[in-house]
Structure formats: structure tokens, C-alpha cells
4 protein chains.
Amino acid sequence: MTGQKKLQGIFTPNMVPLDEKGSIDEPALRAYVDWLIQKGVHGLYPNGSTGEFTRFTPEERRRIIEIIMDQNADRVPVLAGAAEANVRETIAACEYYHGLGVRAVAIVSPYYYRLSPDNVYAYFREIGRNTPVDVTLYNIPMFASPIDVPTIQRLSEECERIVAIKDSSGDVGQMMRMIEAIRPNRPDFSFMTGWDAVLMPMLMIGADGGTNVTSGVAPELTRKLYEAVNGGDVDEARRLQYVVRQIFDRLLFGADFPEACRMAIGLRGLKMGPTRQPLSEDHKKKLEELGPQLGSLFAEAGIECSGGMSETLSPKEIGRVVASVLETFQAQGRF
Amino acid sequence: MTGQKKLQGIFTPNMVPLDEKGSIDEPALRAYVDWLIQKGVHGLYPNGSTGEFTRFTPEERRRIIEIIMDQNADRVPVLAGAAEANVRETIAACEYYHGLGVRAVAIVSPYYYRLSPDNVYAYFREIGRNTPVDVTLYNIPMFASPIDVPTIQRLSEECERIVAIKDSSGDVGQMMRMIEAIRPNRPDFSFMTGWDAVLMPMLMIGADGGTNVTSGVAPELTRKLYEAVNGGDVDEARRLQYVVRQIFDRLLFGADFPEACRMAIGLRGLKMGPTRQPLSEDHKKKLEELGPQLGSLFAEAGIECSGGMSETLSPKEIGRVVASVLETFQAQGRF
Amino acid sequence: MTGQKKLQGIFTPNMVPLDEKGSIDEPALRAYVDWLIQKGVHGLYPNGSTGEFTRFTPEERRRIIEIIMDQNADRVPVLAGAAEANVRETIAACEYYHGLGVRAVAIVSPYYYRLSPDNVYAYFREIGRNTPVDVTLYNIPMFASPIDVPTIQRLSEECERIVAIKDSSGDVGQMMRMIEAIRPNRPDFSFMTGWDAVLMPMLMIGADGGTNVTSGVAPELTRKLYEAVNGGDVDEARRLQYVVRQIFDRLLFGADFPEACRMAIGLRGLKMGPTRQPLSEDHKKKLEELGPQLGSLFAEAGIECSGGMSETLSPKEIGRVVASVLETFQAQGRF
Amino acid sequence: MTGQKKLQGIFTPNMVPLDEKGSIDEPALRAYVDWLIQKGVHGLYPNGSTGEFTRFTPEERRRIIEIIMDQNADRVPVLAGAAEANVRETIAACEYYHGLGVRAVAIVSPYYYRLSPDNVYAYFREIGRNTPVDVTLYNIPMFASPIDVPTIQRLSEECERIVAIKDSSGDVGQMMRMIEAIRPNRPDFSFMTGWDAVLMPMLMIGADGGTNVTSGVAPELTRKLYEAVNGGDVDEARRLQYVVRQIFDRLLFGADFPEACRMAIGLRGLKMGPTRQPLSEDHKKKLEELGPQLGSLFAEAGIECSGGMSETLSPKEIGRVVASVLETFQAQGRF
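All of these numbers come straight from a predicted model, not from anything done at the bench. (Residues numbered from 1 in each chain as written. Chains lettered and ligands numbered in written order. Predicted model: local features only at pLDDT ≥ 70, side-chain atom pairs only at ≥ 80, totals over all residues. Heavy atoms only, no water.)

**Q** How should I be thinking about the overall build of chain A in this particular structure?
**A** Along chain A, the regular secondary structure elements total twelve helices and eight strands. Along the first, second and third principal axes, the C-alpha atoms of chain A reach 60 × 50 × 35 Å. Considering chain A as a whole, with its 335 residues, one finds that 67% of them fall into the buried category. The long-range share in chain A, meaning contacts at least 24 apart out of those at least 6 apart in sequence, stands at 76%. A gap of 1 Å separates the mean positions of the 37 positive and 44 negative side-chain charges of chain A. (Helix = DSSP H or I, 4+ residues; strand = E, 2+ residues; numbered from the N terminus. Buried < 20%, exposed > 50% of the residue type's maximum accessible area, 1.4 Å probe, protein only. Contact = heavy atoms within 4.5 Å. Lys, Arg positive; Asp, Glu negative; His and termini not counted. Charge placed at Lys NZ, Arg CZ, Asp CG, Glu CD.)

Next up, the structure:
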């Protein structure tokens, strides 16, 4: 218990627009932050997996948080991804982001090497004891060393600065196991899901919110779903969950993650620029085909595309937007 | 559409009691059937994974269905596991069980060999074209070749005798993908979950029911959960789901599946007898420790143990029941 | 130590030819046995994974061994797959095959359910204590519960009737771990590999032989490879290993296992008949393309195809053979 | 073909000693380089997985190569790990290391995100087209996106600057697939294995050498094994391979990788200092138990420990060395 308001609601794991040279596009990032807040996201979550934290340098990661904190100007709480090369650098990032006023940091479990649970524990304990700012554990077993339930429980009991878990396993049963193990002793501890395909079921069995990639693309939808669950409107929540799942599956599996998100944000009329990951011709074609699919899903869901109302956006216009988005992708070369 | 009532509700994947020689204990099986129906299960599902179909001979599998159909006497619909050594034998089993009056059969995807999706399709198409009785596809990727969504969709469109999918993946998002792909064209097609840890979320996003191992041990609980969801009592459904999950986790992970189920049914006062799988000393000890844990969970949930009300069953009495259950396990030797 | 000669050399996991009704084709099976022995295999291994033991009934499995033992007439040692539905039935099969005079049985670890190592141990200990015939443990982790090194070691120390391990993991380091753990105490214990892609490296680090699917298709090659290693001709062994690997990869990955083997044996001029596993149109096409590839590999290796010398078999002739093989596959329908 | 000598022999993936503050211990690193060269390694491979490249900052990674190039003074070829946050940074590192005179760089496939094969190809093609220095592809599927055989083949045909693959899958069959696909068109292309458990089999089927963690701990052994294979002494090579495997298994699985290496190098009398990964109490205990095991293996193999001849190092002396190594580990705290 660190006295602050419990983390809840939908936090957007936001991407970082790049300019034609492949550098952080500050004006576009500021515009994206404004757009997200205006569309109703409860919080921002930069330097996460969606935010491609591994593809930026340590200096760039700090610069991203600086820009966002400045542009946000205290409108919504910010959860800053703070994982660095080692525990010393990570704690230094916690200190720096604390100085910038973030609500909390999120720290992914050590990746590349697969650590055993006891060393995952030792890693977060070291951070928990030395951080000046609240910490969210970030469990994403498909990319990093898994954080198992006994480890989360132990950390929640020993470190009051550790205040939340973000779980991207998508396993609803696992979420229940975590809540059961930790909530009785730590009612302030927050449970966030990163798996939008099951956002409604997660909220219905007791999760506090999510850090959902879909909310960076269609913040209106995830906000409405969250409110439908909280308002007890199960039928509406279910209806929205099916729409969210369709978009989410394309964002995750339509192309190598998170390339489809970049495309989809572009479809909403925002400037995202080229990617840092060289794309094969096959992948560019995949994205070309994905554009109209996402456009149709947006249209069905009544979401505006590219500055105009989606309902009135013709297939031809969607095609034009996709082409323009791809053009910036093509520009990547040796950015 | 084969004109019959859609499969829905909780079907119990029942175990088969054995006598001291390791043969089917017919009186005990009849008593177990009566007990389950009296406790309110919507249907029975013999010769499934819980029913250890692989550990019986082809003749024994037929005998099990005969006994159950006779004892059931049309009280509840029966879903009979019909997988045999090859497609010809499987179709023969479908014909035989049809003659006995089962509501439908359930056929697990080919196991041992891992088939590619197109051959899983070819296998079920062959069955779908030749079966006289409705067929439930059974997807259990941890034990058998996975049945993917395009395969289910294709089979549902080509074979009207294929009327349901039982999915034991536990993936709520996957259930949504299946419902989305198949329900529009086949409103009579039924979606059943075999993963009790998420029974409530599955029902809330649209599943029709489940074949749930927990219902063979605590049929009162799964029945209540099903009714709470259908009655719109979300809070009660959630409360029950947490209890079901605790029991389910022990049934699945407390010992090599399905040994803990045998123990747990014994705790309810029913005779199950020895197992056909030789157990190590470590495993016997695991089961010894599991007994009191399950006894406590039953007591908390207000479930009767061993003929008396659970609330009044003392730890000493639970110990005595466990010892007696284990004694029959010890008897296994070369049954 | 049971006094018998140590198992060594290349044992052929032979397939079972079927007639047009899908029943065991006894004359074709007898002809195949003769052909294999004449081509120089050291032993036969019916009712293995290649032999599709799971797709036959218990009665058929016994019939297969009867035919083979009769036809073999003591020419080569026979290793009979004896896994049945449960430990009692398995021991009964051991007794039956012992009466027929097999050299040893091979028993796959329990499959479908994934057992923990201590119950894998308990299963084989029960068999080891009650079998009248030597037992080979069969480890094939992609299909059945894994048998780990401590389990093999424990069984080798406690049960003298357990005389060999057949390992189909393909992990050369794992083979070394097994040899290191067991050979010092059991010099009579035999180590056989089922992974032809690395047969030469396995033999070079100390394995005693193999049960190799390639030997059922091209027995000349595996025999030569075995002799090259034993004769110290490393260069020739390496050359042959590259050829064997090319054939093996197609047998294993060219189509769902073991369909490509059936095709390949047909190419050698033997009658195999239809498969019991319904095949999709995609799969039939795959096999159609695979035929000429295998034909070319055989030709390059100087192996006769279809009664004529391979060097002189024209592409047109290969095409004709493939077409005829596929025709029998087409005949499968409801065999 | 870039005109340089083909990469072959045993390259040591060297660790980086740290001082008590957790910074690079330059004198100790220089001493370690001298020791390795003196013991006969064919080359050095800093900034690999063993070298914990992910736990250093970009500046530190450059500093490590500077120190090593300076100390090496052209005695052995150096293969420098050059993977950075993105393709632009990675190419910049290639340029920098080229300027320092490295023989080649090694670049691990993108990690954290799992890329599809076509984007793995796109990534390396971008590097291959822009690097001034020879590139070794680094495939380590347990930690990073796999590089499949068609991708390696395509890159080998399109980019002459890509001159080698380092494969840490340990799959001997896979090595044969690579050699078969690439060697005919690129005889200069080098195949290196990173899986010491099967170093001898890999060399016998045609690999050119290895980057072997064991060589950083016991360079005498891997050198002898390499020479035994090349000299045609199969029996000696096999004998050495069994010893190497025993050491390798402990280095890899005795503790979270690469902690046991640090310990083992300490046992050889070199100063390694604390680790950057916080260790649990359980893990410290594991290392404490591992020390004497490694000490015994070294003694059996006739390898000197800690300045004295191993044959004469008493258990008490090994205990003392382990204690002293662990003391520096304890010192880690917030280094």
C-alpha cells in the first residue's frame, strides 16, 4: 500500500511515430497522445511491447517518456515501461521516470535468457527494494521469462512498491489463480490483462483493467466495453468483445507484431511513419491485404477512419489510405 | 440439422468403477449413474478422457455404454465416446451405440500420430458421412491432434450429422473464434467446454454447456453455476466459478490425470476401486495429501462427503475416508 | 542379464500391407518379410509406430506377430511391439509373444495421457516384474510420455528383463547421457536409435544399433551404413548418412507419418495396399509429388525401383508406379 | 567469397569479468584473454550469449571489443557479437568493429519478438547489404527467432558478406540439412556449432568448428577434441566428447545460464567477480553444490584448478575456492 489510487481501467500501450529518417517523430507522438486522451483512454503505457521498447536505444526510451509526460500534462496516469539491460540500469530508469511524475513503471520479466522462478523473484525483489516509484510486474510468457503465481504472491507480500501485475498470457484461469492468491492480502494490488481477446471475461471474473493494444487503435471500443461490464450490461459487453476480438486477432496475428498496429493507427488518420524492422515483400503484401480488412471492421463498428466518418468511407478511399500508409513503410530502407 | 434437441447443459464425463480384480464393477457403475442423475447432471458422457477410454478394451468400452444406457433408462441424454482404433471400427461403434439409443457420440481427434489439419478433416468427414447418429467433435490438443477452426467450420458445413464441438483447450478466445465461424450457418450446432476453470466465462461468451470433470465429483456445484449464469446472477456465478476452479485444479494437476478424480469420487461416498495405471509410491503419497485438501474444499462449499454432511465431517473422519480409498488403490498390484 | 545375445544392428520397423478391404494382406506381408531379410536387415520390429500398431485391433496385432514369426522361421531376431490398453493386457501380450518365440518385446511409454516420470517408472516396473520375455523400453516423446534418463537407469538396475532402450528423440547428447548412466552397470543393455537422420553419429558415440524406418524402404543403405561405421570407414559412413537423411526426411515429413513409407515401399515393387487413415485431397497430391522425389533419391543411391534397376528407370516409369500406388490409396473409401 | 580465410576451429564465447561495483574489470578481462590464447583457443567470440551481451549497455559492448582487440594484438581471429537495438544500430556496430579489425561479426536473429522467417530474412539482408565486415548468422532458437534452412540458403546466395552460421540448436540432423543446402554453392561458408554436447558428432558430419562455452572454461579439452577428430582418432575424440558433455551439461543446466560458467572460470584461478543478475538463495546454494562437482570433473580430466595441478587439489582446497568465488557473488547487492 503506497497510498496512491489503485491502477484501473484501460491503459493504452502506445506506439511511437517515426519520421522518415526513422527517428522519433515528436510532433506526431504529441498528436497521438492528444488523440488517445480525447478518445477516452484511462491511461498511457509507453515503452511496452507494443511500443517496441527493445528497438529503441536507452536514450530514446527516456526521451519518449519525457515527451509523453510533457504532452500529457497530468491529464491521465502514465505507466512507463522501465526495463533496461540490467537491474542497476532498470532502477536508474525507475528513478528517472519517478522524477518525471509517472504514476508507476511496468517492468517486463528478464528476457532473452529464460530465468528460473527463483531468479525472476530475486530480480524483482532487488527492484522492489530500491525503486522510488510503484512497480507493475509484466508477465508475457511468449516473449520473456514467465512470472508464476507463487512468485507474484511472494513479491506482493514482501514489496509494497510492487502494486500490480500485467498479464499477457490470455489465460482466464490463470488470472483467477492470481487474484485468489494475492487479493486477500493486498486489496490495493491491481490485476491488468494484456490479452484483448478475453478482456470482457477477464473483467467479469475480477480483473481491474487492461493494457490493451486495441485501445491504441480503437480506444472508443475498449472504453465502451469496460463501461458496459462495469454497468452490468452483459449483452452489450459480449457484443463489443466479439468486435474487439476480431480487431485484436488481426493486430496480433495479421503480421509480425506490432506491424499491423502501425498500419491500423495510420488508418485512423494518424501519422506513424516507417518501421524499424525491415519488412519482406511478403510482409508488405500481407499488410496491404490487412488494411481493407481492418477498414471494414472499423466501418462495421462505426469507427471513423482517416478523418472522415467510417460509415461513409468507400472501399476506394480505404485503398488510398492503405497505399499512403504503405508508402511510408516502403520509405524505410536504411532509415 | 438432424431434428433433435440441441445439446446443452452440463454433461458428466463419468469414470468407471473397478472391482478388486480390476474389472468393470457393474453394481458400482449403476450406483454412480443414479447418484449423478439424482444430483442433477444434464447428461452423461462415458468413454471420454476422464472415463479412461484408452485403458479399456474395445469389448469393455461397449459394455460400459450398455450398462449406462440400461441404468439411465432414458432419464438423461447420453453422449458416448466412440473413438476406436481406426475409422472403420469407429463407425461400427457409432452404429452400435446408435442401436443402444445414445443421444450422440463424441469422437476424439486421432491421437498418438499428430495429423495435419487436412487429414483430421478427412477423418471426420469419413465418419460424418457414414454415421447413423449425431457426432460431437472432441478437441483436446494436449492429448490428440488439434482440430482447428477452419476444420470445424468445414465439417459443420458439409456434415449435418456433426452437431457439436467439445473443446478442452481452455482458451476462451478460441471458443469465440469457433462460435463466430460456425453459429451463423449452423444455429443448431452446440459448443461445449471441457475446461472447468473457465466454465462461467465460456458460458457468458456464448457456449452451450460443458462436459466437466468437476461435475462427476461435485455435480451440485456445476449445476448451480450453470443456472446462475442462465439466471443472470453474475455475482453468484463468479463465486461458484472460483470454487469450481479450486477443485478442478486439484483434479487435473494434483496427480496424473484422472487419478485424483477417482479419489475425489471416493470421498463423496461412492465406490471406485483400484486404478489400472500402476502408481508409484510418490504418487500414492500425493493422493494421500490431496484427500484432506479436497475434503476441506468440499466442506467449505457445503458439499456432503462420504454419506455425512461435510460441515460436520471432522479432519479425523476425512483421514479415515482417504485411508480407505487408498487401500483399494494399494490393492491394485497385478489386478 | 538374461543370458541372451545383446540386441544390436538394424531392426526394421515394418509396415503391414492391407488388401482392398483394408484387412491384413497376409501373402503381401509374408513377401515383405522375405524381401527385408533377403536385403540384409538384422531383425524385424512389427507393431511399432511405423507399423501403425494403434490402427489395428488387439486381435490383429497378435495375428501380425503370428504371421511374421511363421514366415521368419528363425532367420532373424524379432522385436515385437506389445503395448496394449493397460498393464494387464500388455503383460498378456508379452506372454503370448514369448510363446511365439520373439527375441524381445518393445513397449512404448503410456500415451494419450502424459504421465509423470514416477508413474512411467511404476508402469514399466510392473511389466518388468511380470514379463517372461526381454523388454525394450520405447521412448518417443513426440507421441508418448517421455522416459527420462533417471527412469531408464532405475529400471535397468531393478529389472534384469528390461534389456534395451529404443530412443526416437533424435537427440545425440541424450543418447550419450543414457549410455553414461546405464552401461557401466549393465554392459548387456542395448541402446537403439529410431532417428535415422543421425544414425551414423549415434553409432559413432556408442549406440548398438537402430530401429530405422529407412531400413523398411532401403534396407541396403542402412545395412551399408552400419557396416561402414563398424568397419571404421568414416568417409563412407558420412556419405551414406547424407543419403539416408534425405530419404528419412521425406518419409517423416513428406506426409503425415507413416503414409510416405507406404508409398516408398510401393516404389520398391512391393504391394502395400490402401491406408487405414482417410487422406485428404491435399495429402494425396503431396504423395503424388513425393513419389518422383523418392524415385530420384533411390536412383542416385543406386537402389532398384519396382523390379528394374533404378539407374534405368525413366521418369515416365516412376510416374507410372506412383500412379499405381496412388490408385490403391484411392481405393480406401470405407475399406 | 570475401577473400578471407574461412572461419574454422574452436572460438571461445568469452565472459566479461566484473569488478566489485559491477563494472567491466579491464585487467581481469585482459588476463582472461591471455589465458585463453595461451591455452590454445583458435579464436575469441565476445558479446555472445555466454558473454551476456544483453546485460551490458551499448557503450559497454563497444568497450569490451576495444579491450579485447587491444589485448589480443592480432594473435587470434575475433568474432564480435554486434546485435544492437535495431538494424541501423547494428550496422553502425558492424562498422565500428570493422574499424577495430575484427575478423567477422556474429549477429543473433531478432529476439524478444518472434519474427516470421521472411522478416528474419529481411533483417539479415539489410545487414548483409550494408556491412563492411563479414557476418556470421547466429541461430539460437531457445532465445531468439529461429533462422530456418531456406532463410540461411537464400542469404548465403544473395549476400557474399554473410560467411557463416553459428547454430546452437544442438540438432545434428539440422546441421546436415544446412550443409547440404549451402555448401555446394558456397564452399567458403562456415558451419559452427554452439552445442558442445555434440561437438564431436557435428565435426564428424562436416561442421567447421564451434563457438563452445566449454572452451572458455576448459580450452585444453575442446582443443584436444578438435584435433582428435581432425587427426582421425575417433576413439580419443569419443572419450573427450563424453568428458566435454559432462562439463557442458553442468555449465548449461546446473544453474541459470551462464552463472555456472562464471563459477567454473573462477575455479580455474581466474577472477570473474560478481554477476549482474540478482541470484536467489536457492541459486547460490545450487552454485555451492556445483563447484565441487565441476572440480571433480576437472580433476578426472587432468585439468588444473586454481593455480595448482588438479590432480593434487584436495576436496578441502576446492571448497575454499568455491567459497571465495561465492563471496564475490554475494557482494553483488546493488552493484
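**Q** Any chance you could explain the relation of the copies chain A and chain B here in plain terms?
**A** Structural alignment of chain A on chain B gives an RMSD of 0.0 Å, achieved by rotating through 180° and translating 0.0 Å along the axis. Given the turn and translation reported, the copies of this chain are related as if by a two-fold rotation axis. For chain A, the minimum C-alpha distance to the rotation axis belongs to A:Pro201 and amounts to 2.7 Å. Residue by residue, 100% of the interface of chain A is reproduced at the interface of chain B, so both copies engage with the same surface. (Least-squares fit on C-alpha atoms with pLDDT ≥ 70 in both.)

**Q** Is there a simple way to explain the packing of helix H10 (residues 259–267) of chain D against helix H11 (residues 281–300) of chain D in this structure?
**A** Each pair of packed helices can be described by the angle between their axes along with the distance between the axes. All names here are of chain D. Between H10 and H11, the shortest axis-to-axis distance is 10 Å and the interhelical angle comes to 50°. In terms of their interaxial angle, H10 and H11 are classed as oblique. In this structure, H10 crosses over H11, and the sense of that crossing is right-handed. Here Glu 259, Ala 260, Met 263, Ala 264 and Leu 267 of H10 come into contact with H11, specifically with Leu 287, Leu 290, Gly 291, Leu 294, Gly 295 and Phe 298. The residue inventory of the contact of H10 with H11, partitioned by class, reads eight nonpolar, two polar and one charged. (Axes fitted to C-alpha atoms, helices over the stretch in contact; angles between N-to-C directions. Parallel < 35°, antiparallel > 145°, perpendicular 65-115°, else oblique. Left-handed = near helix turned anticlockwise from the far one by under 90°. Nonpolar A, V, L, I, M, F, W, Y, C, P; charged D, E, K, R; others polar.)

**Q** Sorry if this is basic, but what is going on with the arrangement of the chains here?
**A** These two, chain A and chain C, are apart from each other, with no contact and a minimum C-alpha gap of 20 Å. In this structure chain B stays clear of chain D, and the shortest span between their C-alpha atoms is 20 Å.

**Q** Just checking my understanding: could you explain the confidence of the model for chain A for this structure?
**A** Where the model shows low pLDDT, its predicted coordinates should not be examined in detail. All names here are of chain A. Residues of chain A with pLDDT of at least 70 account for 94%, and the chain-wide mean is 93. Counting interchain partners and residues more than four positions distant, the pLDDT-below-50 stretch residues 307–312 has ten contacts. For this predicted complex, the interface confidence comes out at an ipTM of 0.93, alongside a pTM of 0.94. (pLDDT = per-residue confidence, 0-100.)

**Q** Looking at this structure, how should I read the interface of chain D and chain A?
**A** Interfaces are often sized by the amount of accessible area the parts lose when they come together. Across the contact, 53 residues belong to chain D and 53 residues belong to chain A. Interface area for chain D against chain A, summed over the two sides, is near 4,400 Å², with a carbon-plus-sulfur share of 50%. In this assembly, chain D and chain A are joined by two salt bridges. One salt bridge in this structure joins D:Arg125 and A:Glu281, with 3.5 Å as the shortest N-O distance. Put simply, chain D and chain A have 24 residue pairs in polar contact (both at pLDDT 80 or more) between them. (Buried area = accessible area lost by both parts, 1.4 Å probe. Salt bridge = Lys/Arg side-chain N within 4 Å of Asp/Glu carboxyl O. Polar contact = N/O pair within 3.5 Å; in protein donor to acceptor, adjacent residues only side chain to side chain.)

**Q** Looking at this structure, I do not really get the packing of aromatic side chains. What am I missing?
**A** Remark: the centre distance and the inter-plane angle together describe each pair of aromatic rings, the angle taken between the planes. This model, assessed by the stated rule, comprises 56 aromatic pairs over all chains. With a centroid separation of 5.2 Å and an interplanar angle of 75°, the aromatic rings of C:Tyr123 and C:Phe124 are classed as edge-to-face. Both residues of the pair, C:Tyr123 and C:Phe124, count as buried. Look at D:Phe189 and D:Phe191: their rings are 5.4 Å apart centre to centre, the planes differ by 55°, and that puts the pair in the tilted class. Through a chain of ring-to-ring contacts, the aromatic side chains of A:Phe53, A:Tyr111, A:Phe143, A:Phe257, D:Tyr112 and D:Tyr113 assemble into a single cluster. Above the plane of the ring of B:Phe298 lies B:Arg268, whose end atom (NZ or CZ) is 5.9 Å from the centre. If you follow D:Arg62 out to its NZ or CZ, it ends over the ring of D:Tyr96, 4.7 Å from the centre. (Phe/Tyr/Trp six-rings, centres within 6.5 Å; stacked < 30°, edge-to-face > 60°. Lys NZ or Arg CZ within 6 Å of the ring centre and 35° of its normal.)

**Q** I would appreciate a short explanation of the side chain of C:Asp196 in the present structure.
**A** Its location among the elements puts C:Asp196 in the loop between strand S7 (190–193) and helix H7 (199–204). Of the side chains bearing the opposite charge, C:Lys166 lies closest to the buried C:Asp196, which forms no salt bridge; the N-O distance is 7.7 Å.

**Q** Can you walk me through the pairing of strand S6 (residues 162–167) of chain A in this structure?
**A** Sheet faces and side chains relate simply in a regular strand, where the side chains alternate between the two faces. Residues and elements named next belong to chain A. Burial analysis of S6 places six of its six residues in the buried class, the great majority of the element. Chirality of the crossover, the property in question, places the unit of strand S5 (residues 135–139), helix H5 (residues 149–158) and S6 among those that are right-handed. Pairing of S6 with strand S7 (residues 190–193) involves four bridges; the strand directions are parallel. Note that in S7 the partner of Ala 164 across the bridge is Ser 190. Each parallel crossover has a hand, and for S6 linked through helix H6 (residues 172–182) to S7 it is right-handed. (Right-handed = clockwise from strand over helix to strand, strands pointing away. Pairing = 2+ DSSP bridges.)

**Q** Looking at this structure, how should I read the sheet that holds strand S3 (residues 79–81) of chain A?
**A** In a beta sheet, neighbouring strands pair by backbone hydrogen bonds and run either parallel or antiparallel. All names here are of chain A. With parallel pairing, the eight strands of this open sheet are ordered in space as S2-S1-S8-S7-S6-S5-S4-S3. Edge positions in the sheet fall to strand S2 (43–44) and S3, since each of these pairs with one other strand and no more. Relative to strand S8 (residues 209–211), S7 is paired through two bridges, and the arrangement is parallel. Within the sheet, the bridge partner assigned to Thr 193 lies in S8 and is Gly 210.

**Q** What exactly am I supposed to notice about the relation of the copies chain D and chain A here?
**A** To go from the first copy of the chain to the second, apply a rotation about an axis and then a shift along the same axis. Note on the copies: chain D fits chain A at an RMSD of 0.0 Å, the axial shift is 0.0 Å, and the rotation between them is 180°. By residue overlap, the copies meet face to face through one surface: 100% of the interface positions of chain D are interface positions in chain A.

**Q** Help me understand the side chain of B:Asn119 in this model?
**A** Within the secondary structure, B:Asn119 is located in helix H4 (residues 117–130). Classification of B:Asn119 by relative accessible area gives buried; the value is 0%. A polar side-chain atom of B:Asn119 sits 3.0 Å from a polar atom in the side chain of C:Asp256. Separated by 2.9 Å, the side chain of B:Asn119 and the backbone nitrogen of C:Ser280 make a polar contact. Apart from the residues lying within four places of it in its own chain, the contact partners of B:Asn119 are C:Asp256, C:Gln277, C:Pro278, C:Leu279, C:Ser280 and C:His283.

**Q** Which parts of the structure should I look at to understand the nonpolar core?
**A** Side chains that are nonpolar tend, in soluble globular proteins, to be buried together. Among the nonpolar cores identified, the biggest contains 500 residues, and A:Ile107, A:Phe124, B:Ile107, C:Ile107 and D:Ile107 are the most heavily contacted of them. Each residue touching A:Ile107, except ones within four places of it in the same chain, is listed here: A:Ala82, A:Ala83, A:Thr90, A:Cys94, A:Tyr123, A:Phe124, A:Ile127, A:Val135, A:Thr136, A:Leu137 and A:Tyr138. (Core = buried A, V, L, I, M, F, W, Y, C linked by side-chain atoms within 4.5 Å.)

**Q** Could you clarify how one ought to interpret the state of the cysteines in this entry?
**A** Among covalent bonds in proteins, the disulfide is the one between the sulfur atoms of two cysteines. Residues and elements named next belong to chain B. Scanning the entire structure with this criterion turns up zero disulfides over all chains. Sulfur of Cys 159: no disulfide; nearest cysteine sulfur belongs to Cys 94 and is 12 Å away. Owing to a relative accessible area of 4%, Cys 159 belongs among the buried residues under this scheme. (Disulfide = S-S within 2.5 Å.)

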